[in-house]
Amino acid sequence: MRIFSGVRPTGDVHIGNYLGAIKQWVKLQEKNECIFCIVDLHAITTPYKKEQLQKNILETTVTYLAAGLNPEKSIIFVQSQIKEHSELAWLLGTIIPVGELQRMTQFKEKTKKHPKYVNAGLLNYPVLMAADILLYQTQLVPVGKDQQQHVELTRTIARRFNQQFGKTFKLPQTLLSKTGAKIMSLQNPTKKMSKTGNPRGCIGLFDKPGIIKSKVMAAVTDTGKEIVYNPQKKPGISNLLTIYSLFSEKPIKQLETEFKDQDYVDFKESLVKVLIKSLEPLRQKRKELLDREVYVNEILNQGKRKAEIIAQSTIKEVKKNMGLL
Ligand code: TYM
């Protein structure tokens, strides 16, 4: 299967990004043809600091590698380095009605969050994402739940294009993680964990042990004291159980039995240990990689060269089918 996915380089990657997306990628690269992108053109649709962007791109690449992506197996590259992404986004933009873009949940959310920054790029965000995916004739897109609507729109665009101009694109499918597709904020377990939400509700992939401990111990829990999974009645503890289960690779049912006679504090203390133990190797790897900037840049150059070949061949076909030279 051909697989494509990406993360916006907008700041520190959190455990939601990891459990919802990156952890899947690491497994998928063993048996599939994987392409993972650092989507910097998407990152500039919301307010950002120019001086910080290059650093964030490098940091996101290092995160991919520290989490276990292998450049021998996967193509890793930066979106803005392959101009065909922008070119295809323009072409696809001509077949999608504006109304459909205005209805996208993330567009509405981001418009609310940054009312003074509602640029055309933000509206066209899903079209660029469709271009990312379709440019590589992707079959599977492993993402968190919040991106599902964008992948569905990508399918609609591909179907419409194929009908109008002849079969050009493969129709991609969303691949959601079974339990980690929507990790919630530790401070408000009815809202998803996000880079821009309450920082205390969000555990960074490279947070120091002391920080992890203070965030987990302060996590909002629910009334009662049983450690049981029930997202409607007990959203706080259910979210912590999900995180525990994904990091320890133990089923939630088993955890419920293990913690049957214990209280929230015991459970949280144990979760802190699991998190620190699981994340420590990633923190070490990141530290080593941050000192090897030349090596990391070489991976991106190599990725660019490989991705470009596929991207150029698709765009040629697209332009021909659309009647362009
Ligand atoms: P981004 O950078 O917001 O998030 C990266 C990935 O992390 C997932 N994610 C979560 N999963 C579970 N729980 C959470 N709380 C959580 N928060 C984020 C996201 O679903 C995503 O998979 N538009 C995309 C980037 C993108 C892309 C693409 C993805 C651009 N082009 C093409 C796939 C294919 C985004 O902003 O992700």
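Bear in mind the structure is a predicted one, so any value in this text is a computation, not a measurement.

Rules behind the numbers
- Residues numbered from 1 in each chain as written.
- Predicted model: local features only at pLDDT ≥ 70, side-chain atom pairs only at ≥ 80, totals over all residues.
- Heavy atoms only, no water.
- Helix = DSSP H or I, 4+ residues; strand = E, 2+ residues; numbered from the N terminus.
- Polar contact = N/O pair within 3.5 Å; in protein donor to acceptor, adjacent residues only side chain to side chain.
- Contact = heavy atoms within 4.5 Å.
- Axes fitted to C-alpha atoms, helices over the stretch in contact; angles between N-to-C directions.
- Left-handed = near helix turned anticlockwise from the far one by under 90°.
- Nonpolar A, V, L, I, M, F, W, Y, C, P; charged D, E, K, R; others polar.
- Near = heavy atom within 4 Å.
- Areas by Shrake-Rupley, 256 points an atom, 1.4 Å probe, with all protein chains shown as cover.
- Expected span 1.5 Å × (residues − 1).
- Buried < 20%, exposed > 50% of the residue type's maximum accessible area, 1.4 Å probe, protein only.
- Phe/Tyr/Trp six-rings, centres within 6.5 Å; stacked < 30°, edge-to-face > 60°.
- Lys NZ or Arg CZ within 6 Å of the ring centre and 35° of its normal.
- Domains from an automatic or database assignment.
- Buried area = accessible area lost by both parts, 1.4 Å probe.
- Salt bridge = Lys/Arg side-chain N within 4 Å of Asp/Glu carboxyl O.

### Let's talk about the side chain of glutamate 100
Along the chain, the position of glutamate 100 falls in helix 5 (residues 98–102). Side-chain polar atoms of glutamate 100 contact the side chain of arginine 160, separated by 3.0 Å. Excluding residues that lie within four positions of it along the chain, glutamate 100 makes contacts with Leu153, Thr156 and Arg160.

### Some words on the packing of helix 4 (residues 84–93) against helix 8 (residues 125–134)
How two helices sit against one another is set out by the angle between their axes and by the gap between those axes. Here helix 4 crosses helix 8 at 120 degrees, and the two axes come no closer than 8 Å. Classified by chirality, the crossing of helix 8 by helix 4 is right-handed. Packed against helix 4, whose contacting residues are His85, Ser86, Leu88, Ala89, Leu92 and Gly93, the element helix 8 presents Val127, Leu128, Ala130, Ala131, Asp132 and Leu134 at the interface. Across the contact of helix 4 with helix 8, the residue classes tally to 8 nonpolar, 3 polar and 1 charged.

### Points about the site of the ligand
The full set close to the ligand counts 28 residues, and Arg8, Tyr125, Asp132, Asp146 and Ile183 are the nearest of them. One of the side-chain nitrogen or oxygen atoms of aspartate 132 is found 2.7 Å away from a nitrogen atom of the ligand. The separation between a nitrogen atom of the ligand and a polar main-chain atom of isoleucine 183 is 2.8 Å. When the free accessible area of the ligand is taken as 710 Å², the share hidden by the protein chains comes to 98%. For the shell around the ligand, the secondary structure elements donating two or more residues are strand 1 (2–7), helix 1 (15–28) and helix 8.

### Quick word on the side chain of serine 238
Note on placement: serine 238 falls in helix 11 (residues 235–248). Only 2.8 Å separates the side chain of serine 238 from the backbone nitrogen of asparagine 230, close enough to count as a polar contact.

### Regarding helix 3 (residues 50–67)
Between its terminal C-alpha atoms helix 3 stretches 26 Å, which fits the 26 Å expected from 18 residues at 1.5 Å a residue. The buried count for helix 3 comes to 13 of 18 residues, which makes it a mostly enclosed element. Two residues or fewer past helix 3, glycine 68 is found with a positive phi of approximately 120 degrees.

### Focus on the packing of aromatic side chains
Under the defined criterion, the tally for this structure stands at 10 aromatic pairs. Look at tyrosine 244 and phenylalanine 259: their rings are 5.7 Å apart centre to centre, the planes differ by 70 degrees, and that puts the pair in the edge-to-face class. Residue tyrosine 244 is found in helix 11, and its partner phenylalanine 259 is found in the loop between helix 12 (252–258) and helix 13 (264–290); the two are separated by 15 residues along the sequence. Members of the aromatic cluster, joined through ring pairs, are Phe4, Phe77 and Tyr136. Geometry around phenylalanine 206 places arginine 286 over its ring, the cationic atom sitting 5.0 Å from the centre. Positioned above the aromatic ring of tyrosine 295, the side-chain terminus of arginine 292 is 4.1 Å from the ring centre.

### Some words on the environment of threonine 46
Its place among the elements puts threonine 46 in the loop between helix 2 (40–43) and helix 3. Threonine 46 gets classed as buried once you look at its relative accessible area, which sits at 9%. Separated by 252 residues in the primary sequence, threonine 46 and glutamate 298 place their C-alpha atoms 28 Å from one another. Excluding residues that lie within four positions of it along the chain, threonine 46 makes contacts with Lys110, His114, Tyr117 and Leu122.

### Considering the domain arrangement of the protein chain
Split into domains, the protein chain comes out as domain 1 (2–180 + 292–322) and domain 2 (199–287). Centre-to-centre separation of domain 1 and domain 2, based on C-alpha positions: 30 Å. Each partner contributes to the interface: domain 1 provides 14 residues, whereas domain 2 provides 14 residues. Interface area, domain 1 with domain 2, both sides summed: about 1300 Å², of which 71% is carbon and sulfur. Inspection of the region where domain 1 meets domain 2 yields 2 salt bridges. Arginine 286 is the salt-bridge partner of glutamate 59, the closest N and O atoms lying 2.7 Å from each other. Inspection of the domain 1/domain 2 interface yields 6 residue pairs in polar contact (both at pLDDT 80 or more). Elements represented by at least two residues in the side of domain 1 that touches domain 2 include exactly helix 1 and helix 3. When residues of the side of domain 1 that touches domain 2 are assigned to their parent elements, the largest contribution, 6 residues, is made by helix 3.

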